[in-house]
Amino acid sequence: SGDWSSDVCSSDLCRKSKDKKDIGLNIATPFDVKANTDKTHFYVLNADSGHKYKSGSILILDSDANKIGHVTVPRLGHNLAVSGNLLLATFDSEYGYVDSYTYLWDISDPENPDLITTWKMPNCSPMNAVMRDEYDHFAVSCRSGALWVGTLDRNNLEGSELDRKS
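Definitions and cut-offs
Residues numbered from 1 in each chain as written. Predicted model: local features only at pLDDT ≥ 70, side-chain atom pairs only at ≥ 80, totals over all residues. Heavy atoms only, no water. Phe/Tyr/Trp six-rings, centres within 6.5 Å; stacked < 30°, edge-to-face > 60°. Buried < 20%, exposed > 50% of the residue type's maximum accessible area, 1.4 Å probe, protein only. Lys NZ or Arg CZ within 6 Å of the ring centre and 35° of its normal. Core = buried A, V, L, I, M, F, W, Y, C linked by side-chain atoms within 4.5 Å. Helix = DSSP H or I, 4+ residues; strand = E, 2+ residues; numbered from the N terminus. Pairing = 2+ DSSP bridges. Axes fitted to C-alpha atoms, helices over the stretch in contact; angles between N-to-C directions. Disulfide = S-S within 2.5 Å.

Inspection of the entire model under this criterion finds 3 aromatic pairs. When the ring of Tyr103 is compared with that of Trp105, the centres are 5.5 Å apart and the planes differ by 40 degrees; the resulting orientation is tilted. According to the relative accessible area criterion, Tyr103 is buried, its value standing at 4%. Three or more aromatic residues joined by ring pairs make a cluster, and in this case those are Phe91, Tyr103 and Trp105. The positively charged end of Arg132 is found above the aromatic ring belonging to Tyr135, 4.7 Å away from the centroid.

This is how it looks when you write it as structure tokens:
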């Protein structure tokens, strides 16, 4: 949920991608795959680096690998991390923009992820993201050598923070 397109997609090249079809349940450059904590669902981060569709997606599969849904996200997704009922995803910048993004979802209902918050990460091309169960911090490393560390506010997840440390 939420319209990310105005933040990450405003160039002429990007406008051309809006004429393309929705990704839906298709697979397009899957960069990462994670299972939820209960091992009942898989999440596939479709980067669509070939720009075949309007956007990327997080494809939702059941434990038998049947496609059961998707969440539309920016293209160029890099990493997924799961901790309890939280799903973290990182996205590289597109078309030369300097801002990358990290999104946090509530996956209490594993078939219907609910977007909690997003963070903009200037000058970061994400390489890795880590989150652990029962731990209030997470981290994203960047190709530039920067490290971003987040703090989860378990009482108000929308108020969680992600800050550059280097």
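On we go from here.
Right, let's get into the nonpolar core. Counting 18 residues, the largest nonpolar core has Leu86, Leu88, Leu104, Met131, Phe138, Trp148 and Leu152 as the members making the most contacts within it. Those elements that place two or more of their residues in this core are strand 6 (86-91), strand 8 (114-122), strand 9 (126-131) and strand 10 (137-142). Core analysis: the second largest hydrophobic core is formed by 15 residues, Tyr43, Leu45, Ile60 and Ala89 among them.

Time to look at the sheet that holds strand 2 (residues 41-46). Spatially, 4 strands are ordered 1-2-3-4 in an open sheet, and the strand pairing comes out antiparallel. Because the sheet does not close on itself, it has two edges, and the strands there are strand 1 (30-35) and strand 4 (67-73). Across the sheet, the axes of successive neighbouring strands diverge by a mean angle of 20 degrees, strand direction being ignored. The pairing of strand 3 (residues 56-62) with strand 4 spans 6 bridges and is antiparallel. Each bridged residue has a counterpart across the sheet, and for Leu61 the counterpart in strand 4 is Lys67.

With that settled, the discussion passes to the sheet that holds strand 7 (residues 99-106). Spatial strand order, 5-6-7-8: 4 strands in an open sheet with antiparallel pairing. Every other strand in the sheet has two partners, leaving strand 5 (77-83) and strand 8 as the edge strands with one partner each. Neighbour-to-neighbour, the strand axes of the sheet open up by a mean angle of 15 degrees, direction not taken into account. Sheet topology places strand 7 next to strand 8; 8 bridges connect them, and they run antiparallel. Each bridged residue has a counterpart across the sheet, and for Ser100 the counterpart in strand 8 is Met121.

Let us now look at the state of the cysteines. Taken as a whole, this structure holds 1 disulfide when the rule is applied. Disulfide pairing places Cys124 opposite Cys142 at an S-S distance of 2.0 Å. Between Cys124 and Cys142 the disulfide shows an S-S torsion of about -90 degrees. By sign, it is left-handed. Here Cys124, found in the loop between strand 8 and strand 9, pairs with Cys142, found in strand 10; they are 18 residues apart in sequence, far enough to count as distant. Each of the two residues, Cys124 as well as Cys142, counts as buried.

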